[in-house]
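Architecture and fold: a report
Take a look at the letters that make up each chain.
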Amino acid sequence: MSDEIRIMNKRTENTADTKNMVENTTETENLTEMAPASTNAQETAETAISCSACSTCKKKERTPEEYKSLMNRLSRIEGQVRGVKGMLERDAYCVDILIQVSAINSALNSFNKELLGNHIRSCVVENVRSGNDEVIDELVKTIQRLMK
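1. Looking at the overall build of the protein
- A tally of helices and strands in the protein yields six helices and zero strands.
- Each helix and strand of the protein, placed in order from N terminus to C terminus, yields the pattern α-α-α-α-α-α.
- Buried positions account for 16% of the 148 residues belonging to the protein.
- Taking all contacts inside the protein whose residues are at least 6 apart in sequence as the whole, residues at least 24 apart take part in 56%.
- For the protein, the accessible surface area stands at approximately 11,300 Å², while carbon and sulfur atoms represent 54% of it.

The structure is reproduced here in structure tokens:
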């Protein structure tokens, strides 16, 4: 199976997952109540809930190259996190774990930089050219959140 077909299959699975999440709004609301400290989880749940009522959901169709690059980064990060979990299970020395967690943070920051750059080059530019200047305010808020 080619990479493009695999990517399309993943996108279809992700779309189905999103539809299931929207259809189960009460379940999503319960998840939001369970994690009050996680603002991002609440915002995601709120977006999913409001998404079922709107006709223009914010989505981004990524090129196969962009999708593959981002997924590869996330897979590496996921592997690093599993490695740290294994270190903890094996009673590894604290400093060694801290160094690995620092590497994970660095990898997440690199992921964010790549995604933000792609967002600015595509979504923001496209919206500004079409006269939607509200996207600038959204970008500023996003950057402020990332810099906390």
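2. Digging into the side chain of Glu66
- Within the secondary structure layout, Glu66 lies in helix α4 (residues 64-89).
- For Glu66, a relative accessible area of 11% puts it in the buried group.
- When residues no more than four places from it in sequence are discounted, the contact partners of Glu66 are Lys60 and Asn118.

3. Describing the pattern of salt bridges
- Going through the model one piece at a time under the given rule, you end up with five salt bridges.
- A salt bridge links Glu114 to Arg73; the nearest nitrogen and oxygen atoms lie 2.4 Å apart. One end of the pair, Glu114, is in helix α5 (residues 94-129); the other, Arg73, is in helix α4, and 41 residues separate them in sequence.
- Residue class for Arg73 comes out partly exposed when judged on its relative accessible area of 26%.

Here is what the cut-offs are and how they apply
Residues numbered from 1 in each chain as written. Predicted model: local features only at pLDDT ≥ 70, side-chain atom pairs only at ≥ 80, totals over all residues. Heavy atoms only, no water. Helix = DSSP H or I, 4+ residues; strand = E, 2+ residues; numbered from the N terminus. Buried < 20%, exposed > 50% of the residue type's maximum accessible area, 1.4 Å probe, protein only. Contact = heavy atoms within 4.5 Å. Areas by Shrake-Rupley, 256 points an atom, 1.4 Å probe, with all protein chains shown as cover. Salt bridge = Lys/Arg side-chain N within 4 Å of Asp/Glu carboxyl O.

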